[in-house]
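Here's the letter readout for the chains.
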Amino acid sequence: MAQEVTRATFDEVMVPNYAPSAIIPVRGEGSRVWDKDNKEYIDFAGGIAVTALGHSHPTLVNVMREQAGQLWHLSNVMTNEPALRLAKKLTEKTFADRVFFANSGGEANEAAFKLVRRYAYDHFGPEKHEIIAFNKSFHGRTLFTVSVGGQAKYKEGFEPTPGGIKHCDYNNIEQLKALISDKTCAVVMEPIQGEGGIIPADAEFAKQVRELCDQHKALLVFDEVQSGVGRTGTLYAYEQLGVTPDVLTTAKALGNGFPVAAMLATEDAAKSLAFGTHGSTYGGNPMACAIAEAVIDIVDTPEVLSGIQKRHDLFVKGLTAINEKHHVFKDIRGQGLLIGGEVVDSLAGKAAEFIKASAAEGLFVLVAGPNVLRLAPSLIIPEKDIQEGLARLEKAVAAVMAAQ
Ligand SMILES: *Cc1c(COP(=O)(O)O)cnc(C)c1O
């Protein structure tokens, strides 16, 4: 017999690092989710930019069922067909020649950061070990990734953290010029900062970052954990920026909710993760790779990719209309289906109030930092769900404004 559990159970048995809402969802279909009381929600969050093909996508359910009846796991002493097929697809569709599989964004970044250190060590010696990253960036929660990440609060109390890491302001090329040197082994950036507040990189800035990396023989790492797999309208965001990295990490939407991640690299960079230098027990397991292969097959089609800009325009139009009535945002920005609304100064620090108010109206939304409402819905969310969700969002906004 299944034990009865409620939200209160969380406070009894879980480590208190999360503070989940009172809702316990039990079922999802497309962009709709139902909780234990059968209340329906529209999902503008997609987990956190994860369920890019919505919930219970029939093709993914079938692929998962089929693979589940065949083979779940081996070890990295053996390879498997789904991993090889997925790696082939990822290399055919991107700049990359080589792939390393992991289980989460943080782990893919951990592999990337170890790779850039090892690459510089192999080619130039141990002095060349500095990593430059950007303020407000987010790269994961392991000790190395919180250290490269540009948000001090995630490091607090966990020191000593790995050294040799410097930070500068995003989109500020002069600061980067002042920091970069022949000791720099890599520059790490998100092509659009997600957790930091939905801030896209300027194309000119990104181009100059690439040039500075080349001048100083440093590798360029793009963290596309959030921006990848169609989120910004192309399979990866770097395609639109017109700047090609040496190393790219991808996770979140790659498994549509099943844990899987990858680090993609050029042939030259990949050589530095030679036999025995790095590994993962679960990384590249056949179950995860079969699902990710199906996700890539579906996302990387003209039908899905061409629908993203259309949906972006509907969201921006809807948010603009809400704003004209309620004067809640001072900026509405983003790319594809990663959209942010920065709240006006009178609501500073209060973006999270929209999560609760939206849930009450039957809608899931996200925040990106204290001041930005973030939407990261399914890439194939039906127009009807967009319109219904925006109507619910307007009610939530009105409720938040009335309570001020
Ligand atoms: C979510 C995220 C990560 C961390 O991914 P996990 O799967 O939670 O480890 C890293 N980088 C970026 C840009 C992210 O958005």
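Residues numbered from 1 in each chain as written. Predicted model: local features only at pLDDT ≥ 70, side-chain atom pairs only at ≥ 80, totals over all residues. Heavy atoms only, no water.

### Details of the overall build of the protein chain
Consideration 1: Helix and strand content of the protein chain: 14 helices and 17 strands.
Consideration 2: The C-alpha extent of the protein chain, read off along each of the three principal axes, is 60 × 55 × 45 Å.
Consideration 3: The buried share among the 404 residues of the protein chain stands at 53%.
Consideration 4: Across the protein chain, every contact between residues at least 6 apart in sequence was considered, and the portion connecting residues at least 24 apart equals 70%.
Consideration 5: Of the accessible surface of the protein chain, which amounts to about 18,400 Å², a share of 55% is contributed by carbon and sulfur atoms.
Consideration 6: One way to put it: in the protein chain the 40 positive side-chain charges average out to a point 1 Å from where the 49 negative ones average out. (Helix = DSSP H or I, 4+ residues; strand = E, 2+ residues; numbered from the N terminus. Buried < 20%, exposed > 50% of the residue type's maximum accessible area, 1.4 Å probe, protein only. Contact = heavy atoms within 4.5 Å. Areas by Shrake-Rupley, 256 points an atom, 1.4 Å probe, with all protein chains shown as cover. Lys, Arg positive; Asp, Glu negative; His and termini not counted. Charge placed at Lys NZ, Arg CZ, Asp CG, Glu CD.)

### Side note on empty space enclosed by the protein
Consideration 1: In the structure shown here, the tally under the stated rule is one cavity of 30 Å³ or more.
Consideration 2: Of the voids in this model, the largest cavity is the one considered here, and its volume is about 40 Å³.
Consideration 3: Looking at the largest cavity, the residues that line it are Ser137, Phe138, His139, Gly140, Thr145, Val146, Gly149, Gly150, Gln151 and Tyr154.
Consideration 4: Residues of the lining of the largest cavity, tallied by class, amount to three nonpolar, seven polar and no charged. (1 Å grid on protein atoms, 1.4 Å probe; cavity = no way out; pocket = protein on both sides within 12 Å on 5 of 7 lines; lining within 4 Å. Points joined across faces, edges and corners; volume = space filled by probe spheres on them. Nonpolar A, V, L, I, M, F, W, Y, C, P; charged D, E, K, R; others polar.)

### A closer look at helix H5 (residues 105-124)
Consideration 1: Taking 1.5 Å per residue, 20 residues should reach 28 Å; H5 reaches 28 Å between its end C-alpha atoms and fits that length.
Consideration 2: Along H5, the residues that are buried comprise Gly105, Gly106, Ala108, Asn109, Ala111, Ala112, Phe113, Leu115, Val116, Tyr119 and Ala120.
Consideration 3: One or two residues past the end of H5 sits Gly125, with phi positive at roughly 100°. (Expected span 1.5 Å × (residues − 1).)

### What to know about unusual backbone geometry
Consideration 1: Cis geometry marks the peptide bond from Glu159 to Pro160; its omega dihedral reads 0°.
Consideration 2: Along the polypeptide, Pro160 turns up in the loop between helix H6 (143-148) and strand S6 (165-168).
Consideration 3: Unusually for a residue other than glycine, His327 sits at a positive phi of about 50°.
Consideration 4: On the secondary structure map, His327 appears in the loop between helix H12 (302-326) and strand S13 (329-335).
Consideration 5: Its relative accessible area of 55% is what places His327 among the exposed residues.

### With respect to the layout of surface pockets
Consideration 1: Considering only enclosed or pocket space, the largest pocket measures out at about 2,000 Å³ in volume.
Consideration 2: In this structure, the largest pocket is lined by 49 residues; those nearest its centre are Tyr18, Gly47, Ile48, Glu195 and Leu366.
Consideration 3: For the lining of the largest pocket, the secondary structure elements donating two or more residues are helix H1 (7-13), helix H2 (46-49), H5, helix H13 (353-361), strand S15 (363-364) and strand S16 (366-367).
Consideration 4: Sort the elements by how many residues they give to the lining of the largest pocket and H5 lands first, with three residues.
Consideration 5: When grouped by side-chain class, the residues that make up the lining of the largest pocket number 26 nonpolar, 15 polar and eight charged.
Consideration 6: Taken domain by domain, the lining of the largest pocket gets at least three of its residues from each of domain 1 (7-56 + 302-402) and domain 2 (71-299). (Domains from an automatic or database assignment.)

### Examining the packing of helix H4 (residues 81-93) against helix H11 (residues 286-299)
Consideration 1: One can describe the packing of H4 onto H11 by two numbers: an axis separation of 8 Å at closest approach and a directional angle of 35°. Between H4 and H11 lies a crossing of left-handed hand. Of H11, the residues touching H4 (which contributes Pro82, Ala83, Arg85, Leu86, Lys89, Leu90 and Lys93) are Pro286, Cys289, Ala290, Ala292, Glu293, Ile296 and Asp297.
Consideration 2: Residues belonging to the contact of H4 with H11 are distributed by class as follows: nine nonpolar, no polar and five charged. (Axes fitted to C-alpha atoms, helices over the stretch in contact; angles between N-to-C directions. Left-handed = near helix turned anticlockwise from the far one by under 90°.)

### Looking at the packing of aromatic side chains
Consideration 1: One pass over the structure, following the stated rule, counts eight aromatic pairs.
Consideration 2: Pairing Phe44 with Phe315 gives two aromatic rings, centres 4.9 Å apart and planes at 75°, and the pair type is edge-to-face. In this pair, Phe44 sits in the loop between strand S3 (40-43) and H2 while Phe315 sits in helix H12, placing the two residues 271 residues apart along the sequence.
Consideration 3: Judged by its relative accessible area of 0%, Phe44 is buried.
Consideration 4: Considering the side-chain rings of Phe134 and Tyr170, the 5.7 Å spacing of their centres and the 75° angle between planes classify their relative orientation as edge-to-face. Separated by 36 residues along the polypeptide, Phe134 in strand S5 (residues 130-134) and Tyr170 in the loop between S6 and helix H7 (173-179) bring together distant segments of the chain. Tyr170 shares its class with Phe134; the two are buried.
Consideration 5: Here a set of aromatic residues connected by ring pairs shows up, and it is made of Phe134, Tyr170 and Phe205.
Consideration 6: The ring of Trp34 has Arg27 sitting right over it, with the charged end atom 4.4 Å from the ring centre.
Consideration 7: Over the ring of Phe124 we find Lys128; its NZ or CZ atom is 5.2 Å from the centre of that ring. (Phe/Tyr/Trp six-rings, centres within 6.5 Å; stacked < 30°, edge-to-face > 60°. Lys NZ or Arg CZ within 6 Å of the ring centre and 35° of its normal.)

### Focus on the site of the ligand
Consideration 1: Close to the ligand lie Ser104, Gly105, Gly106, Asn109, Phe138, His139, Gly140, Glu190, Asp223, Val225, Gln226 and Lys252.
Consideration 2: One of the backbone N or O atoms of Gly105 is found 2.8 Å from an oxygen atom in the ligand.
Consideration 3: One nitrogen or oxygen atom from the side chain of Asp223 is found 2.7 Å from a nitrogen atom belonging to the ligand.
Consideration 4: Considered on its own, the ligand offers 390 Å² of accessible surface; in the complex 81% of this is hidden by protein.
Consideration 5: Under a 2 Å grid-point criterion requiring more than half of the atoms, the pocket assigned to the ligand is the largest pocket.
Consideration 6: Looking at the shell around the ligand residue by residue, the classes come out as two nonpolar, seven polar and three charged. (Near = heavy atom within 4 Å. Polar contact = N/O pair within 3.5 Å; in protein donor to acceptor, adjacent residues only side chain to side chain. Sits in = over half its atoms within 2 Å of the grid points.)

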